[in-house]
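Given next are the chains, with one letter for each unit.
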Amino acid sequence: MFQVRDTITRRLLAQGLADYAAAEAALDLLDDELERDLAANGEGAGRVRLRLDVEQVTGDTIRTVGHHVLILGVDDQTWPLPAL
């Protein structure tokens, strides 16, 4: 089983996911929900960045198996990313 946790707050965002692909689908849903909520509140999303852990749960053991960074509103031209 897999789950998704906010790296900073350690808050569990999704659990009981069958496999890694299900965890990625949950991340996509979280991304869509956050962008929708921000838009409903009239807030620009260009400054929202979340780091989430994908964890594998085996018995009593929890192991981080991946990280995802969600940057909401990357098409927002009012806050461009710096050149590398």
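Just above, that's the structure.
Position labels on residues start from 1 in each chain and follow its written sequence. Local features are withheld for residues below a pLDDT of 70 in this predicted model, meaning they are given only at 70 or higher, and side-chain atom pairs are given and counted only at 80 or more; totals for whole chains, interfaces and linings count all residues. Where side-chain values are given, they derive from all heavy atoms of the structure, hydrogens and water being excluded.

Peer 1: Give a detailed account of the overall build of the protein chain, specifying residues and quantitative values.
Peer 2: Helix numbering and strand numbering both begin at the N terminus, where a helix is a DSSP run of H or I of at least 4 residues and a strand a DSSP run of E of at least 2. Helix and strand counts for the protein chain stand at one helix and four strands. For the protein chain, the sequential pattern of α-helices and β-strands runs β-β-α-β-β. Accessibility here uses a 1.4 Å probe with only protein chains present; expressed as a share of the type maximum, an area under 20% marks a residue as buried, one over 50% as exposed, and anything in between as partly exposed. Across the 84 residues in the protein chain, those meeting the buried criterion constitute 26%. Contacts in the protein chain between residues at least 24 apart in sequence constitute 46% of all its contacts with a sequence separation of at least 6. Any two residues whose heavy atoms approach within 4.5 Å are treated as being in contact.

Peer 1: Residues and numbers for the pairing of strand S1 (residues 2-6), please.
Peer 2: In terms of residue burial, S1 counts as a mostly covered element, since five of its five residues are buried. DSSP-based pairing: two strands are paired if at least 2 bridges between them are found. The sheet contact formed by S1 and strand S2 (residues 12-17) spans three bridges and is antiparallel. Note on S2: the bridge partner recorded for Phe2 is Leu17. Taking the residues that link successive antiparallel strands as the turn, the S1-S2 hairpin has five residues, and the phi of Arg10 there is positive, at about 65°.

Peer 1: Can you tell me about the nonpolar core, naming the residues and giving the values?
Peer 2: Remark: nonpolar core denotes a set of buried residues (Ala, Val, Leu, Ile, Met, Phe, Trp, Tyr, Cys) joined through side-chain atoms within 4.5 Å. Residues Phe2, Val4, Ala14, Leu17, Ala23, Ala26, Leu27, Leu30, Leu52, Val54 and Leu70 constitute the largest nonpolar core, which totals 11 residues. At the level of elements, S1, S2, helix H1 (20-40) and strand S3 (48-58) are the ones that each hand at least two residues to this core. The greatest single-element share of this core, amounting to four residues, is contributed by H1. Setting aside its immediate chain neighbours within four residues, Phe2 contacts Gln15, Gly16, Leu17, Ala18, Asp19, Tyr20, Ala23, Val54, Glu55, Gln56 and Val65.

Peer 1: Could you give me a rundown of unusual backbone geometry, with the residues and numbers involved?
Peer 2: Although it is not a glycine, Arg10 adopts a positive phi angle of roughly 65°. Turning to its location among the elements, Arg10 is positioned in the loop between S1 and S2. For Arg10, a relative accessible area of 41% corresponds to the partly exposed category.

Peer 1: Just give me the short version of the pattern of salt bridges, but keep the residues and values in it.
Peer 2: Only one rule defines a salt bridge in this text: a Lys or Arg side-chain nitrogen within 4 Å of an Asp or Glu carboxyl oxygen. In total, this model carries three salt bridges according to the counting rule given. Each of Arg5, Arg10, Asp53 and Glu55 takes part in one network of salt bridges that share partners.

Peer 1: Lay out the packing of aromatic side chains in plain terms, naming residues and giving numbers.
Peer 2: Aromatic ring pairs are reported here in terms of the distance separating the ring centres and the angle at which the planes meet. Pairing of aromatic side chains requires ring centres within 6.5 Å, counting the rings of Phe and Tyr and the six-membered ring of Trp. Pairs whose planes differ by under 30 degrees are stacked, by over 60 edge-to-face, and all others tilted. Scanning the entire structure with this criterion turns up one aromatic pair. Relative to Tyr20, the ring of Phe2 lies with its centre 6.2 Å away and its plane at 90°, an arrangement referred to as edge-to-face. Of this pair, Phe2 sits in strand S1 while Tyr20 is found in helix H1, placing the two residues 18 residues apart along the sequence.

Peer 1: Can you break down H1 residue by residue, with the values?
Peer 2: A helix's residues, less one, multiplied by 1.5 Å, set its expected span. With 21 residues, H1 extends 30 Å from end C-alpha to end C-alpha; this agrees with the ideal 30 Å at 1.5 Å per step. Listed as buried for H1 are Ala23, Ala26, Leu27, Leu30 and Leu38. For H1, the angular spread of buried residues about the axis comes to 105°, placing them on one side. Pointing more than 90 degrees away from the buried face of H1 are the exposed residues Ala21, Leu29, Arg36, Ala39 and Ala40. Taking the backbone nitrogen of Ala21 as reference, a side-chain oxygen 3.3 Å away marks Asp19 as the first, capping residue of H1. Trailing H1 by a residue or two, Gly42 shows a phi angle of about 70°, which is positive. Along the arc lie the directions from the helix axis toward the C-beta atoms. N or O atoms closer than or at 3.5 Å make up a polar contact, with two conditions inside protein: a donor-capable atom paired with an acceptor-capable one, and, for residues adjacent in sequence, both atoms drawn from side chains.

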